[in-house]
Amino acid sequence: MTEIQEEIIAWVEGYFDSINEKPRLISVLLALQKKFGYLPTTGLRDIAHRMNLTPANIYGVATFYNQFRFQPPGRYPIKVCMGTACHIKQGTKVLEHWERCLEIEEGQVTADGEYSLDRVACVGCCTLAPVTLVGDEVIGGMAPTKVDGILLGHKLERQARESEKQKDE
């Protein structure tokens, strides 16, 4: 068993031991995803067992709601708002530019694991539309040129970290 599997099993056991009433499935899935950043298969199987459900039942619920992920997010999770205000202010163009620059589609993670890209319904910052979240940072007034700038900034940070590592060696 891998370290992550052991951690997931320990979390599920602890979660269910600390709940006085029978937990609701969506609440459990949200808590699992909050803890790990996605819904690991091991956790889904253990939750199914604990709740007397089949893994297919759990998977059916999890795939119905688009906020659940089945793979770990990138180091920099990117969420592009597609609420009404952001959509009207060209949020779709921003999302398409992220996809082109990262060479992935929404819902995917870059091969190096640095970035994941998701569309979200609303982040509640309509006056800043269009909005993108990079990690926990809310970036308003998004435009394709801002995407380029964010990616360039991350590239420069990565190069600086690598340079520091080489100096330390």
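Cut-off values and rules
Residues numbered from 1 in each chain as written. Predicted model: local features only at pLDDT ≥ 70, side-chain atom pairs only at ≥ 80, totals over all residues. Heavy atoms only, no water. Helix = DSSP H or I, 4+ residues; strand = E, 2+ residues; numbered from the N terminus. Buried < 20%, exposed > 50% of the residue type's maximum accessible area, 1.4 Å probe, protein only. Contact = heavy atoms within 4.5 Å. Disulfide = S-S within 2.5 Å. Axes fitted to C-alpha atoms, helices over the stretch in contact; angles between N-to-C directions. Parallel < 35°, antiparallel > 145°, perpendicular 65-115°, else oblique. Left-handed = near helix turned anticlockwise from the far one by under 90°. Core = buried A, V, L, I, M, F, W, Y, C linked by side-chain atoms within 4.5 Å.

Caption draft 1: Representation of the overall build of the chain within the structure. On a plain count of helices and strands, the chain comes out with seven helices and four strands. In the chain, the succession of α and β elements from N to C terminus is α-α-α-α-β-α-α-β-β-β-α. With the principal axes as the frame, the chain shows a C-alpha extent of 50 × 50 × 25 Å. When the 169 residues of the chain are sorted by exposure, 36% land in the buried category. Partitioning the contacts of the chain with sequence separation of at least 6, the portion at a separation of at least 24 is 62%.

Caption draft 2: Layout of the state of the cysteines. According to the stated counting rule, one finds zero disulfides in the structure shown. Here Cys86 is not cross-linked by a disulfide; its sulfur's nearest cysteine counterpart is in Cys81, at 3.4 Å. For Cys86, a relative accessible area of 2% puts it in the buried group.

Caption draft 3: Just the packing of helix α2 (residues 25-36) against helix α3 (residues 41-50), in detail. Interhelical geometry of α2 versus α3 gives an angle of 150 degrees and a closest axis separation of 11 Å. It follows that α2 is roughly antiparallel to α3 by the angle criterion. Where α2 crosses over α3, the two elements pack in a sense that is right-handed. Counting all contacts with α2, which are made through Leu25, Val28, Leu29 and Leu32, the residues of α3 involved are Gly43, Leu44 and Ile47.

Caption draft 4: Molecular detail of the nonpolar core. Counting 19 residues, the largest nonpolar core has Phe16, Leu29, Leu32, Leu39, Ile47 and Ile58 as its most contacted members. Here Leu32 is in contact with Trp11, Gly37, Tyr38, Leu39, Pro40, Gly43, Leu44 and Ile47, once residues within four sequence places are set aside. Among the nonpolar cores identified, the runner-up in size contains 17 residues, and Val80, Ile104, Ile139 and Val147 belong to it.

Without other data, these values stay purely geometric and don't point to any function.
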